[in-house]
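Take a look at the letters that make up each chain.
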Amino acid sequence: MAEHHTAPDYKHKASSNAAGALSGNGRAGSSGGSGGLSGGLTQPAGWQSLLSFTILFLAWLAGFSSRLFAVIRFESIIHEFDPWFNYRSTHHLTTNGFYEFLNWFDERAWYPLGRIVGGTVYPGLMLTAGLIHYVLNLLNVTVHIRDVCVFLAPVFSGLTSISTFLLTRELWNQGAGLLAACFIAIVPGYISRSVAGSFDNEGIAIFALQFTYYLWVKSVKTGSVFWAIACCLSYFYMVSAWGGYVFIINLIPLHVFVLLLMQRFSRRLYIAYSTFYIVGLVLSMQIPFVGFQPIRTSEHMAAAGVFALLQAYAFLQYLKDRLTRQEFQTLFFLGVSLAAGVVFFTVIYLTYTGEPYHHLYAKIHIPIIASVSEHQPTTWVSFFFDLHILVCTFPAGLWFCIKNINDERVFVALYAISAVYFAGVMVRLMLTLTPVVCMLSAIAFSNVFEHYLGDDMKREKPPAEDSSDEDDKRNSGNLYDKAGKVRKHVSDIVTMLMLMLLMMFAVHCTWVTSNAYSSPSVVLASYNHDGSRNILDDFREAYYWLRQNTDEHARVMSWWDYGYQIAGMANRTTLVDNNTWNNSHIALVGKAMSSNESAAYEIMKSLDVDYVLIIFGGVIGYSGDDINKFLWMVRIAEGEHPKDIRESDYFTPQGEFRVDKAGSPTLLNCLMYKMSYYRFGEMQLDFRTPPGFDRTRNAEIGNKDIRLKHLEEAFTSEHWLVRIYRVKKEDNRQGLDHKPRNLSQKQKYISKKLMGGKCAPRGAWLAWRRGAL
Amino acid sequence: MASASTGFPFNLPVSSLLLVLLLCLQSGGGQKKKENMLAEKVDQMMEWSSRRSVIRMNGDKFRRFVKAPPRNYSVIVMFTALQPQRQCSVCRQANEEYQVLANSWRYSSAFSNKLFFTVVDYDEGADVFQQLNMNSAPTFMHFPSKGKPKRADTFDLQRIGFASEQLAKWIADRTDVQIRVFRPPNYSGTIALALLVSLVGGLLYLRRNNLEFIYNKTGWAMAALCVVFAMTSGQMWNHIRGPPYAHKNPQNGQVSYIHGSSQAQFVAESHIILLLNAAISMGMVLLNEAASSKGDVGKRRIICLVGLGLVVFFFSFLLSIFRSKYHGYPYSFLIK
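Residues numbered from 1 in each chain as written. Chains lettered and ligands numbered in written order. Predicted model: local features only at pLDDT ≥ 70, side-chain atom pairs only at ≥ 80, totals over all residues. Heavy atoms only, no water.

1. A look at the overall build of chain B
Piece 1. Looking only at helices and strands, one finds 12 helices and six strands in chain B.
Piece 2. For chain B, buried positions account for 36% of its 336 residues.
Piece 3. Nonlocal contacts in chain B, meaning residues at least 24 apart in sequence, comprise 63% of its contacts between residues at least 6 apart.
Piece 4. By element, 60% of the accessible surface of chain B is carried by carbon and sulfur atoms, the whole surface being about 20000 Å². (Helix = DSSP H or I, 4+ residues; strand = E, 2+ residues; numbered from the N terminus. Buried < 20%, exposed > 50% of the residue type's maximum accessible area, 1.4 Å probe, protein only. Contact = heavy atoms within 4.5 Å. Areas by Shrake-Rupley, 256 points an atom, 1.4 Å probe, with all protein chains shown as cover.)

2. Examining the packing of aromatic side chains
All names here are of chain A.
Piece 1. In this structure the tally under the stated criterion is 61 aromatic pairs over all chains.
Piece 2. Summarising the aromatic geometry, the rings of Phe-247 and Phe-422 are spaced 6.5 Å apart at their centres and angled 90° between planes, so their arrangement reads as edge-to-face. Taken together, the residues Phe-247 in helix α13 (residues 245-261) and Phe-422 in helix α21 (residues 407-425) connect sequence positions 175 residues apart.
Piece 3. Among the residues examined, Phe-247 registers a relative accessible area of 11% and is labelled buried. (Phe/Tyr/Trp six-rings, centres within 6.5 Å; stacked < 30°, edge-to-face > 60°.)

3. Remarks on the interface of chain B and chain A
Piece 1. With 60 residues of chain B at the interface, the matching set in chain A holds 58 residues.
Piece 2. Carbon and sulfur atoms supply 76% of the area buried between chain B and chain A, which totals about 5600 Å² over both sides.
Piece 3. Counting across the chain B and chain A interface gives zero salt bridges.
Piece 4. Across the contact surface, chain B and chain A share eight residue pairs in polar contact (both at pLDDT 80 or more).
Piece 5. Every element with two or more residues in the side of chain B that touches chain A is listed here: α9 (217-232), α10 (235-241), α11 (267-292) and α12 (297-325) of chain B.
Piece 6. Here the side of chain B that touches chain A gets 14 residues from one element, more than from any other, and that element is α12 of chain B.
Piece 7. For the side of chain B that touches chain A, the class distribution of residues is 35 nonpolar, 15 polar and 10 charged. (Buried area = accessible area lost by both parts, 1.4 Å probe. Salt bridge = Lys/Arg side-chain N within 4 Å of Asp/Glu carboxyl O. Polar contact = N/O pair within 3.5 Å; in protein donor to acceptor, adjacent residues only side chain to side chain. Nonpolar A, V, L, I, M, F, W, Y, C, P; charged D, E, K, R; others polar.)

4. Remarks on α13 of chain A
All names here are of chain A.
Piece 1. For α13, which comprises 17 residues, the first-to-last C-alpha distance of 25 Å matches the rise-based estimate of 24 Å (1.5 Å per residue) to within 8%.
Piece 2. Of all 17 residues making up α13, 16 are buried, and the element is well covered by its neighbours.
Piece 3. After α13 finishes, the residue Gln-263 shows a positive phi value of roughly 55°. (Expected span 1.5 Å × (residues − 1).)

5. A word on the nonpolar core
Residues and elements named next belong to chain A.
Piece 1. Counting residues in hydrophobic clusters, the biggest one holds 149 residues, and the most contacted among them are Tyr-213, Trp-216, Tyr-273, Tyr-415, Leu-433 and Met-498.
Piece 2. At 15 residues, helix α22 (residues 430-452) tops the list of elements feeding residues into this core.
Piece 3. With 99 residues, the next largest nonpolar core counts Leu-68, Val-556, Tyr-611 and Leu-671 among its residues. (Core = buried A, V, L, I, M, F, W, Y, C linked by side-chain atoms within 4.5 Å.)

6. Here's the deal with the UniProt feature "transmembrane region" (unreviewed entry) in chain B
Residues and elements named next belong to chain B.
Piece 1. With numbering aligned to this structure, UniProt lists the feature "transmembrane region" (unreviewed entry) at residues 187-206, 218-237, 272-290 and 302-322.
Piece 2. The distance separating the terminal C-alpha atoms of residues 187-206 is 28 Å; by composition the span is 95% helix and 0% strand.
Piece 3. Secondary structure across residues 218-237 comprises 90% helix and 0% strand; the distance between its end C-alpha atoms is 28 Å. (UniProt positions renumbered as here; feature names shortened; annotations may be inferred.)

7. With respect to the pairing of strand β2 (residues 74-80) of chain B
Residues and elements named next belong to chain B.
Piece 1. Counting buried positions over the seven residues of β2 gives seven, a clear majority of the element.
Piece 2. Neither face of β2 is left uncovered, since the one carrying Ser-74, Ile-76, Met-78 and Thr-80 and the one carrying Val-75, Val-77 and Phe-79 both have all their residues buried.
Piece 3. Across seven bridges, the pairing between β2 and strand β3 (residues 115-121) is parallel. By the bridge assignment, Phe-79 is partnered in β3 with Val-120.
Piece 4. The parallel pair β2 and β3 is bridged by helix α4 (residues 89-106), and the resulting crossover is right-handed. (Pairing = 2+ DSSP bridges. Right-handed = clockwise from strand over helix to strand, strands pointing away.)

8. Here's the deal with the sheet that holds β3 of chain B
Residue and element names in this part refer to chain B.
Piece 1. Sheet architecture is open: four strands sit in the order β1-β3-β2-β4, paired in mixed fashion. Each of the sheet's edge strands pairs with one partner strand only, and the pair in question is β1 (54-57) and β4 (139-143). The sheet shows a mean angle of 30° between the axes of neighbouring strands, direction not considered.
Piece 2. When β2 meets β4, the two strands line up antiparallel, connected through five bridges. Bridge assignment links Val-75 to a residue of β4, and that residue is Phe-143.
Piece 3. Each of β2, β3 and β4 is contacted by helix α7 (residues 164-175), which is oriented at about 25° to β4, the strand it contacts most. (Axes fitted to C-alpha atoms, helices over the stretch in contact; angles between N-to-C directions.)

9. As for the pattern of salt bridges
All names here are of chain A.
Piece 1. This structure, assessed with the given rule, holds 37 salt bridges over all chains.
Piece 2. A salt bridge links Glu-712 to Arg-726; the nearest nitrogen and oxygen atoms lie 3.1 Å apart. With Glu-712 in strand β10 (residues 711-716) and Arg-726 in strand β11 (residues 722-727), this residue pair connects regions lying 14 residues apart in the sequence.
Piece 3. Take Glu-712: its relative accessible area is 33%, and that puts it in the partly exposed class.
Piece 4. With a relative accessible area of 29%, Arg-726 lands in the partly exposed category.
Piece 5. Here the salt bridges do not stand alone but share partners, grouping Glu-170, Lys-218, Lys-221 and Glu-408 into one network.

See the structure below:
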């Protein structure tokens, strides 16, 4: 009773302190313990750091273990598509060494062009995994590089939560920091990119992002070159890890610019930004893939503009101290800052509004960008799905931050607004929003708990006053204590309900992680009626078949989605892959897939294709197969070859895309359709449906009698999920004694002409006769 | 087999010869007249199109200039319903795009008498609609200079949309006439921006003696929160995808404001979500206000309870909406 009663008193003081002071009361709490007691855990500071340590450790543990669903359900395996390339590169790095990796020219991708991997990749991820592998091996812990890759992202999620804790502590206080660390450990928006096996750049980049921001805030607060240099090194790591570093190099200058506008210029800011910009620029240019972009492209220009502005501003400040003619000076200052501001605004305009709209523009006009589902705008459902309660409460945290503004809270406000804008434009950028949402929500929740959760007060407040009446008399001027007494029950209810909401958040996170984000997509699982599980391992079965049964230098044509997997698992040469840098090459593959067999054969011959691999889900009802992606192939092919491929040819007159008898004849005779449904018409899946019933599209196929002329079936996996066809070599030709031997390839075309036209050259006539015979 | 193939070439020349003879007999006398008529028609069309880039047609004109055979020009016809009482908002948008395209053609250097743009309004030529079995507007059709329109001569509006660039592409495909779409530059955005800037500047000038309001944190916080709420409720999605405001079921006239799938949303739905998010945030702020402000105890207690109620009630409401959209989601709170 007494504890509850006295609690709000202390808290009120603490919170008003936090609101007024520039720095959060975290440091104040740790430096100035109240009681006169000394030694070990009896000191509040000792308790506090032990608690913080324990909570952070548990957050790390929770974050790590909730990312292990896929490993426990399936096995330690690399997921999806891009991670396979990263894994393959890491493997190359560990077997051939660092310099070999930097100079690696991969002749197995983008046949016949090849790909300069060392110069077209952010190497941070591979180097991190390679380094960990190296150190572990040095310590005689023999781990396979695959396991390092699989568990890298979950381990780094712990580091992310620690750096989030540090950043939030700088922004608000220690309590909010701990909450933020717990939030980011389990929030689905971040887990979606960092489950075990998802060996991708984002997994380590979010850690680098948060850590860079922490060091930036720290260097603005202290104005020391040490912190600024540390910030640069962290920025360097970020640049090496992910293309999202552009976000940092725009957000930090924006922060500086807004601080200048708010007339919060200080020596600390000058030192921090000047150091950061110069050293960070030089460091970022060391990454081969980035190269000279930081001084060339528009998205880096805002940083340069702010650097110039800051120098001008500092110079004017210096002049102001020296000169006496105040009037002239203010005028001068105004003029210059206006001019610089205009320049900066145009740059900002170009980067902040121009870039995403460029992206939108590209999205509308380039099918290959539009075809990637990550590049879609975000519905509110995605926001709620990925952030749950945090999405509704973080505006409150933003409100508190702006109401109690200081240098670093300006930063977090700008971070929140820019990140929420980008997340709205593109689903994928939800990832950059997630950390700031966690921090601001933590601030909101921590504020509420600070006021209503009076439990931790007994150690702070020496239990001097026992009776409430005495206390009331003592603080008669302050109504707060009385309120505390009255509101005791209310505050209990508030605390309980808030805890309940947070519990629901935790449950939601676990559910989402388990159900939505933990599928390796290389191995599929299906569940029977009794709950038992079937593992469909068709992908690996097929890739392994390729690896074992085909020539080492065989070239496999497939849609670009499977390029990395074929290279990684089957170790065969691919034509196109997920690094979609060459649209015309992809369009050529799309054209081959959507042409009829003989036209496709010409393309495949010119590309030296030995095998064609397709994904077919009609037997098990897998919806992500190539027929469902087929329209994108047509669209991309149409973009490059509008004369040969028309999207409208693949629709019925009613504008529907159908695979059954009503489907368009072009579709029913194109290569993709033929390969998908070859001999499928003979297969009856169950007794209720006719033979050749496609479960994915719920239709009986329209062309059951498919004959292949230039291809032959080489392999079909257990559930027909992967089908591989061999491209037949050209037949040995008969000894041709005629001159026009090249005409024999065009026999069909010429024969048509012969039928329609009145007369034809004699050679063509002969060719037609030979073809007919 | 052999007899059939030998019989064929014999039959063909004879029958075709007969056919040609018949045709010649029939049209030989009217040859001169036809040419005159054609020239007359082309002149008439040219005159119309010099006056307006899109020629308005009624039933008679349509039959005479578009359907009737002696023609050496292609005609693009937009069948539409532009009268306000028809309430066809798509028609109006399509009409704008069509006008842009027709003007681009009319004022281009390649303008010739090979291609004309016309429009048939339902209220002026309902008989044309019946004749062509057309029951939806707008529809774009191409009437080629020779022969009847084929399937591909009807523009696939559903799939491609009616942007004038797409129309130009389709026309280039059907007639080999390349039209470079020239849009009149849109100054409305620039004007709006200039107005805004001058308004803000004027406001600042008027209140130049008292610029305290710039330092008003509440105003800035409000603005920031507005951006956040707009984004988290998916306004950007609305802006890009342009969904309907709400869906009215044609059978029973029920209006649903919430889209059934998690992949899409209505405008009304995003507004509801915006309000819910704002209410929850306000609840959090009120909870904080109640604890930190100095005021009457009872009042603060009420504020606290109101804040708590806002958070809990609206969050459970939000959760239930989410549950109705995301099928198979198992959790709910207070409200099913």
